[in-house]
Amino acid sequence: MRIGVPRALVVTMAALFSGYIIVLGLYAIDIPANPLPVMIAMILYALMSTVSLLPSGPSRMPHWMAASNVLVCILMPLLVTPQLDPAREGGLGYSTWYVAAIGTLMTITSTRRRHSYAWAGIVALVVQTVIWGGGMGGVVLLLGTGAIGSVSWVAVSHILSVAMLKASRDAARFAQAEREATDWQAAQEAHLYERQFRLGQTGTMAAPMLRIIESTGGELTDEQRQECLNLEGAIRDEIRGRSLLNDAMRREVMAARRRGVAVTLFDEGGLDDLDDRSRDAVLNTLAEALRTTSAQRVIARTAPAESDIAVTVVGLSPVPELAGSATAADRYGSHGYDDAGSGYEDDEDDEEVALWLEIPRSLSAAPVSVPSSAPTSAP
């Protein structure tokens with residue numbers, strides 16, 4: 001964020017004032033002994049004023065331009081003062097126009113944030129005026145020619161430029177702090193909403209079973225205990241498999257668990273950029289695969305966002321000759337989770353792939369399904 005006066009207004013005012021100074025110099029052109037050097041000084045001043053006030057380019061003046069302005073400020077007195085008599089009767093009038101010209105040019109330079117160059121030009125003006133006037137007479141000339149006014153212009157320009165630059169930096173910091181505060185507040189509100197949503201959803205899912213537990217004093221049947229484990233899996237799905245759930249998926253996942261199928265859902269953000277229609281098409285395809293599979297263990301995982309595949313599904317079943325030695329509940333646990341609750345137990349040596357399904361992000365391509373005994377691997 002930058003605070004300042006509109007550049008067009010500053011350029012217009014400076015251009016008008018520069019032109020006015022040249023008009024004053026032309027008005028007093030009969031005072032110098034030789035007007036030619038004075039005209040050359042006017043041309044140099046007009047040229048550098050025009051270059052310095054061009055609306056294009058950066059707001060901070062380039063070094064070469066600032067140095068050229070200082071050089072012109074040194075040359076103008078050397079061209080004009082030899083043609084003037086400091087002791088002239090009636091005073092010098094507007095023939096000392098170059099003093100105001102130097103003050104204006106150095107003020108422009110200072111405004112464009114080249115303060116050291118501006119002060120260099122002003123110091124050159126003061127030194128040249130003192131030398132030209134000869135000691136104490138030069139000090140008097142500083143007042144008579146208006147050199148003190150030029151010093152004041154540059155000083156005011158310097159102070160205002162520094163103050164406005166500091167104000168711009170402070171405003172930028174405040175704006176950044178405001179954005180960060182807004183982001184923090186939005187994040188806190190999102191966390192609060194998510195927490196309330198999760199609590200409400202968990203309460204809705206668990207409330208019926210909690211009422212049963214309360215009414216029976218905790219004495220549950222085996223079927224009710226299994227249903228508690230199924231509800232735990234459903235709550236876990238809402239946390240780590242959220243984008244893999246819609247109404248159809250919730251219904252089919254619960255039905256699969258009630259059939260004894262161990263289901264794991266991993267949401268890694270691969271569906272975040274899909275619109276609702278495309279996402280529902282993918283999830284409905286996944287729900288249909290869960291409804292029809294004969295696998296005893298199903299793992300569904302979202303693919304990376306840059307992939308053409310949306311979801312990869314692997315279904316595992318016991319090797320036929322070992323099927324009689326252990327049931328799915330014995331091998332996967334009664335609800336499909338290990339003791340730490342972090343995922344399914346690895347028991348892959350006795351399993352074969354019963355389902356391999358890759359659901360594309362765009363369902364214009366048919367899902368790839370490989371219900372074969374491919375080498376066992378879980379996504």
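Residues numbered from 1 in each chain as written. Predicted model: local features only at pLDDT ≥ 70, side-chain atom pairs only at ≥ 80, totals over all residues. Heavy atoms only, no water.

Would you take a moment to explain the overall build of the protein for this structure?
Counting secondary structure elements, the protein contains 11 helices and five strands. Each of the 379 residues in the protein was classed as buried or not, and the buried ones make up 39%. Of the roughly 20400 Å² of accessible surface on the protein, 62% is carried by carbon and sulfur atoms. (Helix = DSSP H or I, 4+ residues; strand = E, 2+ residues; numbered from the N terminus. Buried < 20%, exposed > 50% of the residue type's maximum accessible area, 1.4 Å probe, protein only. Areas by Shrake-Rupley, 256 points an atom, 1.4 Å probe, with all protein chains shown as cover.)

Sorry, what's going on with the pattern of salt bridges here?
Pairing between side chains becomes possible if they bear opposite charge and their charged atoms approach one another. Here the structure, examined in full by the defined rule, presents 10 salt bridges. The residue D170 makes a salt bridge to K166 at a minimum N-O spacing of 3.0 Å. One end of the pair, D170, and the other, K166, are both in helix 7 (residues 147-216), four residues apart, so they sit about a helical turn from each other. The exposure class assigned to D170 is buried, which follows from its relative accessible area of 17%. (Salt bridge = Lys/Arg side-chain N within 4 Å of Asp/Glu carboxyl O.)

What is the right way to read the packing of helix 9 (residues 247-258) against helix 10 (residues 276-292) from this model?
Axis angle and axis distance: for two packed helices, these are the angle between their axes and the distance between the axes, and together they describe the pair. One way to put it is that helix 9 packs onto helix 10 with a least axis distance of 8 Å and a crossing angle of 15 degrees. Relative to helix 10, helix 9 is oriented roughly parallel. Every pair of crossing elements has a handedness; the one defined by helix 9 and helix 10 is left-handed. Taken together, the residues of helix 10 that come into contact with helix 9 (itself represented by A248, M249, E252 and V253) are L283, N284, L286, A287, L290 and R291. For the contact of helix 9 with helix 10, the residue count by class is seven nonpolar, one polar and two charged. (Axes fitted to C-alpha atoms, helices over the stretch in contact; angles between N-to-C directions. Parallel < 35°, antiparallel > 145°, perpendicular 65-115°, else oblique. Left-handed = near helix turned anticlockwise from the far one by under 90°. Contact = heavy atoms within 4.5 Å. Nonpolar A, V, L, I, M, F, W, Y, C, P; charged D, E, K, R; others polar.)

Looking at this structure, how should I read the nonpolar core?
Within soluble globular proteins, side chains that are nonpolar generally end up buried alongside one another. Core analysis: the biggest nonpolar cluster contains 32 residues, and Y45, M76, W97, Y98 and M106 have the highest contact counts within it. Where this core is concerned, the elements lending two or more residues are helix 1 (7-27), helix 2 (35-52), helix 3 (63-80), helix 4 (97-111), helix 5 (115-133), helix 6 (136-144) and helix 7. Residues within four places of W97 in sequence aside, it is in contact with I21, G25, V38, A41, M42, Y45, M76 and V80. In terms of nonpolar packing, the next biggest core, distinct from the first, is built from 26 residues, L244, L274, A287 and I359 among them. (Core = buried A, V, L, I, M, F, W, Y, C linked by side-chain atoms within 4.5 Å.)

Can you help me understand unusual backbone geometry in this one?
Where the residue is not glycine, phi is negative for most of them; where a peptide bond is considered, it is trans in most cases. The backbone of R113 sits at a positive phi, close to 65 degrees, despite the residue not being glycine. Checked against the element boundaries, R113 lands in the loop between helix 4 and helix 5.

Whenever I open this one, the environment of L105 confuses me. Can you help?
Considering the arrangement of structural elements, one finds L105 in helix 4. Each C-alpha atom, one on L105 and one on G121, is 9.0 Å from the other, the two residues being 16 residues apart in sequence. In contact with L105, other than residues within four places in its own chain, are Y45, M48, S49, S52, N69, V72 and C73.

What should I look at first to understand the packing of aromatic side chains in this one?
In this description, a pair of aromatic rings is defined by centroid distance and the angle of the planes. Taken as a whole and assessed by the stated rule, the structure comprises four aromatic pairs. A centroid spacing of 5.6 Å and a plane angle of 75 degrees characterise the contact between F17 and W153, whose relative ring orientation is edge-to-face. Taken together, the residues F17 in helix 1 and W153 in helix 7 connect sequence positions 136 residues apart. On the basis of an interplanar angle of 65 degrees and a centroid distance of 6.0 Å, the ring pair of Y27 and Y94 is categorised as edge-to-face. One end of the pair, Y27, is in helix 1; the other, Y94, is in the loop between helix 3 and helix 4, and 67 residues separate them in sequence. Cluster of aromatic residues (ring-pair linked, three or more members): F17, Y20 and W153. Here the guanidinium or amino end of R301 rests over the ring plane of F266, the centre of that ring lying 4.6 Å away. (Phe/Tyr/Trp six-rings, centres within 6.5 Å; stacked < 30°, edge-to-face > 60°. Lys NZ or Arg CZ within 6 Å of the ring centre and 35° of its normal.)

What should I look at first to understand a nonpolar patch on the surface in this one?
Where nonpolar side chains cluster on the molecular surface, the patch consists of L71, I74, L75 and L78 and spans about 340 Å² of accessible area. If you trace the backbone, L71 turns up in helix 3. (Patch = residues over 30% accessible without salt bridge, like charges linked within 9 Å, V, L, I, M, F, W, Y side chains within 5 Å.)

What am I meant to see in the packing of helix 4 against helix 7 here?
Contact geometry of helix 4 with helix 7 gives a least axis separation of 9 Å together with a crossing angle of 10 degrees. Regarding the angle of helix 4 to helix 7, the classification is roughly parallel. Between helix 4 and helix 7, the contacting residues are V99, A100, G103, T104, M106, T107, S110 and T111 on the first element and A147, S150, W153, V154, S157, H158 and S161 on the second. Residue classes in the contact of helix 4 with helix 7 are distributed as six nonpolar, nine polar and no charged.

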